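The lines below spell out each chain.
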Amino acid sequence: MLTAFGRAFRTPDLRRKLLFTLGIIAIFRMGAFIPSPGIDYRNVQQCVNAADTSQGIYQLVNLFSGGALLQVSIFALGIMPYITASIIVQLLRVVIPRFQELHLEGAQGQAKLTQYTRYLTIALGLLNATTLVTLARSGQLFAGCGAAGSPGALIPNDSIITILLLIITLTAGSGLIMWMGELVTEKGVGNGMSLLIFTAIAAQFPTSLGAILKTQGWGTFLTVLVIGLVVVALVVFVEQSQRRVPVQYAKRMVGRRTMGGTSTYIPIKVNMAGVIPVIFASSMLYLPALLAQFATPANSTDIPGWVEWINNYLTRGDHPIYMLMYFLLVIGFTYFYVAITFNPEEVSDNMKKYGGFIPGIRAGRPTQDYLQYVISRITLPGALYLAFVALIPLIALVVVGANQNFPFGGTSILIIVGVGLETVKQIDAQLQQRHYEGLLR
């Protein structure tokens, strides 16, 4: 393996791409520790140490920002505005016919959709920045710590100029992260946005493992490492698994040339939805807690029954009702997302247009029904697998006493393994273009 890495750095073109990618990653991590203008960094650190930030939306958003959110740094919003914008644009293809037409137009249409995603990213970044600054001023970012006017205020000078400068800086940081991700995709190795998410999550691993070692001791720490290796092996196995639907193309004459007559297959992955269902389920489970927080009266002795029920059962990750709802939501969103992203009718029409057919299945409607049958069958184990991996941090919270920042599970391990596999494949493919041996054997 070390020899393969050495060969990659001895290849001038690949070395240039790798160094460029590493440079962008270094800038991204530096930005996570540069305080935004107008923020008192010392008070931020005191509030971080005093608050419980391992629950609800804190854990998810802070994960994707690499810890920058709770530092209120210039990259506090992280990659989340771009992820949200990408998901929204993808879902709008089902609702707005124009978006679907652009998707089918090829490179030109994809460029237009990418431009819409950029605009939406900036708009969401502005909205998120305004929300973050409002929470910081009111003291709700850290549950009553750091409110404006208090001795430990996060924003000591909350004048209009300071607030506007802070919002513009946070929005610009989100736009800069998007630009850096696109630069890595164009001039570096791998998908830029995915690599930045990978970097943000991987940066939290040493802190999480160190916290487990400090609070639980060596026994629990070694148990977590063993569980982590098993989970990583399971995720790699499932992420690489696919159902190959054989396809044959009939011979046809195009001018004087004979086209077709080849055999190939449609690779249908077991986990076609990726990590999106887990993100959706986490966000949906946070909504009841958010509603309960707004509905809680100032007089804590007169709490409505439904608010008390939510606080007892839907805010604690170690409660069986919370786990069951999380499990069912992940399965439901997996089916929903696969139904949106994979269109059997479109695949069937494309096969028919180019003279392709599945052996033993007639072209047209029978092919569409067969693909729908295969998708519905293979989505079930994929959904169960996603739900199981998503529950690993919550199970670890109960079994080994680790907190919800348990690194080997949930969204973190899915993204780490998925992005790592794709990046290694790209490096391996580029090495094989120049050498007989690739990165992997």
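Model, not experiment: these values are computed from the prediction.

Summed over all chains, the structure comprises four aromatic pairs. Aromatic side chains Phe99 and Tyr116 sit 5.5 Å apart centroid to centroid with 20° between the ring planes, which places their arrangement in the stacked category. Residue Phe99 is located in helix H6 (residues 97–104), and its partner Tyr116 is located in helix H7 (residues 107–138); the two are separated by 17 residues in the primary sequence. Owing to a relative accessible area of 13%, Phe99 belongs among the buried residues under this scheme. Tyr116 sits in the partly exposed class, given a relative accessible area of 29%.

With that settled, consider the packing of helix H5 (residues 80–95) against helix H14 (residues 320–341). Interhelical geometry of H5 versus H14 gives an angle of 65° and a closest axis separation of 10 Å. In terms of axis orientation, H5 runs roughly perpendicular to H14. Where H5 crosses over H14, the two elements pack in a sense that is left-handed. Contacts between H5 and H14 pair Gln90, Leu91 and Val94 from the former with Phe336, Tyr337, Ile340 and Thr341 from the latter. Partitioning the contact of H5 with H14 into residue classes produces five nonpolar, two polar and no charged.

An order of E4-E1-E5 is seen for the three strands of this open sheet, with the pairing classed as antiparallel. Since the sheet does not close on itself, it has two edges, and those belong to strand E4 (263–269) and strand E5 (356–357), each with one partner. One ladder, built from two bridges, connects strand E1 (residues 242–249) with E5; its direction is antiparallel. Following the sheet pairing, Gln248 is matched in E5 by Phe357.

Residues Val235, Ile268, Tyr326 and Leu414 are the most contacted members of the largest nonpolar core, which totals 65 residues. Per-element accounting of this core gives the leading share, 13 residues, to helix H16 (residues 365–399). Residue-level mapping places this core at the junction of two domains, with at least three residues from each of domain 1 (18–188) and domain 2 (214–440). Among residues more than four places away in sequence, those in contact with Val235 are Tyr385, Val389, Ile413, Leu414 and Val417. Core analysis: the next-biggest nonpolar cluster, separate from the first, contains 19 residues, Ala76, Phe142, Leu166 and Ile167 among them.

If you walk through the whole model with that rule in mind, you get six salt bridges. A salt bridge links Arg16 to Asp13; its shortest N-O distance comes to 3.2 Å. Of this pair, Arg16 and Asp13 both sit in helix H2 (residues 12–31), three residues apart, roughly one helical turn. Under the relative-accessibility criterion, Arg16 is labelled exposed at 54%. Owing to a relative accessible area of 26%, Asp13 belongs among the partly exposed residues under this scheme. One salt bridge in this structure joins Glu105 and Arg98, with 3.8 Å as the shortest N-O distance. Accessibility expressed as a relative area gives 42% for Arg98, which makes it partly exposed.

Looking now at the pairing of E1. Strand direction decides the pairing type here: E1 and E4, joined by seven bridges, are antiparallel. What sits directly across from Val245, in E4, is Ile266.

Here we come to a nonpolar patch on the surface. A cluster of nonpolar side chains, Phe9, Leu19 and Leu22, forms an exposed patch at the surface whose accessible area comes to about 260 Å². As for its placement among the helices and strands, Phe9 is situated in helix H1 (residues 2–10).

Let us look at the environment of Ile395. Residue placement: Ile395 occurs in helix H16. A residue is classified by how much of its surface remains accessible, and Ile395, at 34% relative accessible area, is partly exposed. Taking C-alpha positions, Ile395 is 10.0 Å from Pro320, a pair spaced 75 residues apart along the chain.

Pro344, Ser348 and Met351 are the residues of helix H15 (residues 344–353) that are buried. In a view along the axis of H15, the buried residues occupy a sector of 65°, so they form one face of it. Two or three places before Glu345, at the opening of H15, Asn343 has a side-chain oxygen 3.1 Å from that residue's backbone nitrogen. Looking one or two places after H15, you find Gly355, whose phi comes out positive at around 80°.

Along the polypeptide, Leu414 turns up in helix H17 (residues 410–434). Residues within four places of Leu414 in sequence aside, it is in contact with Val235, Glu239, Val275, Val278, Tyr385, Leu386 and Val389.

What follows is about the side chain of Gln368. Counting through the fold element by element, Gln368 comes out in helix H16. Aside from chain neighbours lying at most four places away, what touches Gln368 is Pro344, Glu345 and Ser348.

Cut-offs and rules
- Residues numbered from 1 in each chain as written.
- Predicted model: local features only at pLDDT ≥ 70, side-chain atom pairs only at ≥ 80, totals over all residues.
- Heavy atoms only, no water.
- Phe/Tyr/Trp six-rings, centres within 6.5 Å; stacked < 30°, edge-to-face > 60°.
- Helix = DSSP H or I, 4+ residues; strand = E, 2+ residues; numbered from the N terminus.
- Buried < 20%, exposed > 50% of the residue type's maximum accessible area, 1.4 Å probe, protein only.
- Axes fitted to C-alpha atoms, helices over the stretch in contact; angles between N-to-C directions.
- Parallel < 35°, antiparallel > 145°, perpendicular 65-115°, else oblique.
- Left-handed = near helix turned anticlockwise from the far one by under 90°.
- Contact = heavy atoms within 4.5 Å.
- Nonpolar A, V, L, I, M, F, W, Y, C, P; charged D, E, K, R; others polar.
- Pairing = 2+ DSSP bridges.
- Core = buried A, V, L, I, M, F, W, Y, C linked by side-chain atoms within 4.5 Å.
- Domains from an automatic or database assignment.
- Salt bridge = Lys/Arg side-chain N within 4 Å of Asp/Glu carboxyl O.
- Patch = residues over 30% accessible without salt bridge, like charges linked within 9 Å, V, L, I, M, F, W, Y side chains within 5 Å.
- Areas by Shrake-Rupley, 256 points an atom, 1.4 Å probe, with all protein chains shown as cover.
- Arc of directions from axis to C-beta.
- Polar contact = N/O pair within 3.5 Å; in protein donor to acceptor, adjacent residues only side chain to side chain.

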